[in-house]
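# Observations on chain architecture
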Amino acid sequence: TRARIVLETVVAMFSVYCEKPFTCEDIRVVHADGSEAFYPNLERREVTAGVDYVNRIVGVSLSAEEQMRLLARMQLQSRLDATGKILHVAVPPTRHDVLQACDVAEDVAIAYGYNNVPRTIPATVTVGKQQPMNKLADLLRGEVAQAGFSEVLTFGLCSHAEAFAKLNRPDDGNTAVVLANPKTIDFEICRPSLLPGMLKTLSNGQRMPKPIKLFEITDVVLKDPTTDVGARNRRHLIALYGGSHSGFEVVHGLLDHVMTLLDVPRDAAKGYAIVPGADGAFFEGRCAHVTLKGKAIGVMGIVHPAALEAFDIPFPASALEISLDSFV
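A brief report on the enclosed structure follows. (Residues numbered from 1 in each chain as written. Predicted model: local features only at pLDDT ≥ 70, side-chain atom pairs only at ≥ 80, totals over all residues. Heavy atoms only, no water.)

Strand pairing in a sheet takes place through backbone hydrogen bonds and is either antiparallel or parallel in direction. The sheet built from 7 strands is open, its strands ordered S6-S9-S10-S14-S13-S12-S11 with mixed pairing. Lying at the two open borders of the sheet, with one neighbouring strand each, are strand S6 (150-151) and strand S11 (272-276). Here strand S9 (residues 212-223) runs beside strand S10 (residues 231-242); their pairing, made up of 12 bridges, is antiparallel. Paired with Phe-215 across the two strands is Ala-239, which belongs to S10. (Pairing = 2+ DSSP bridges. Helix = DSSP H or I, 4+ residues; strand = E, 2+ residues; numbered from the N terminus.)

Written out as structure tokens, the structure reads:
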């Protein structure tokens, strides 16, 4: 889409120098799926906007004719429908920023002049505040940092191998969001877990003084057919310990500390519990699932030697990863 926008803008701009000004030849392009299209497409698009809607958004009281005059100053031709209440705006190929009615209202406001819009007191008094999840994440960042862990920021994309094969985790096809046209094999999917990025960070910083204690609180992306986009963001907390010994007791202690801060009791039915489990990324017999009121919310354990070798880490490490969505 961006390439098409650039193509149409450049062609429209330089067409003035053609032998016959403002003309160009199109090219037939056959796509991989067999469909055909002609480029560039310099036809005008039509966007509709209500006269009353524009007035309400801008905060003025303008007639339809005045709005049409202002749009003409923004190089947008418009006409009224039979009812006299709807503007039909012809958008040229050089104005790809005009997509919907609010963009038409914005152009009317620009042409009218923001300083000319009368100031009014909002009818509704509101007070802004942080989203609960963001507030929780910020508070936990401070507490985990005070526990001796250093925060890192990893990429939101990773390779398929890093998320599954290198961690010895099966891909059921219903977890990871796969990019249709990745630019590199290092960024093929949206990360379904924070563990691959943390292990890459540990690998790149393995020459730092031991022990290395890292953490991150950010989103993962998981498939969810119940949403309109087919995927959903989930906020995760991950902590990683690497050094001369596995440090399992360190991440275990951090989990208990976080649960104490969240006022969650150690109770399998009413709070959290640590139950034996299995995960290909962790050492067999040294892995546990973290549950909240009987529902699994995370995993912790000693990272499997095969996973460490896959990420070129020559020393033992332990990790904890839990979802924070259940605490909000």
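Don't stop here, the text continues.
A few words on helix H7 (residues 195-204). Taking burial as the measure, the 10 residues of H7 include 7 buried ones, the bulk of the element. Restricting attention to buried positions, one finds in H7 the residues Leu-195, Pro-196, Gly-197, Met-198, Leu-199, Leu-202 and Ser-203. Contact partners of the buried residues in H7: helix H6 (160-165), S9, S10, strand S12 (282-292), strand S13 (295-303) and strand S14 (317-323). (Buried < 20%, exposed > 50% of the residue type's maximum accessible area, 1.4 Å probe, protein only. Contact = heavy atoms within 4.5 Å.)

To continue, consider the nonpolar core. Of all hydrophobic cores here, the largest spans 26 residues; its most connected members are Leu-255, Met-259, Leu-324 and Phe-327. Of all the elements in the fold, those that place two or more residues in this core are helix H5 (132-146), S9, S10, helix H8 (248-261), S12, S13 and S14. The contacts of Met-259, once residues within four sequence positions are left out, are Val-264, Tyr-272, Val-290, Ile-297 and Phe-327. If you look at the next biggest cluster of nonpolar residues, it comprises 24 residues, including Val-152, Leu-195, Ala-307 and Ala-319. (Core = buried A, V, L, I, M, F, W, Y, C linked by side-chain atoms within 4.5 Å.)

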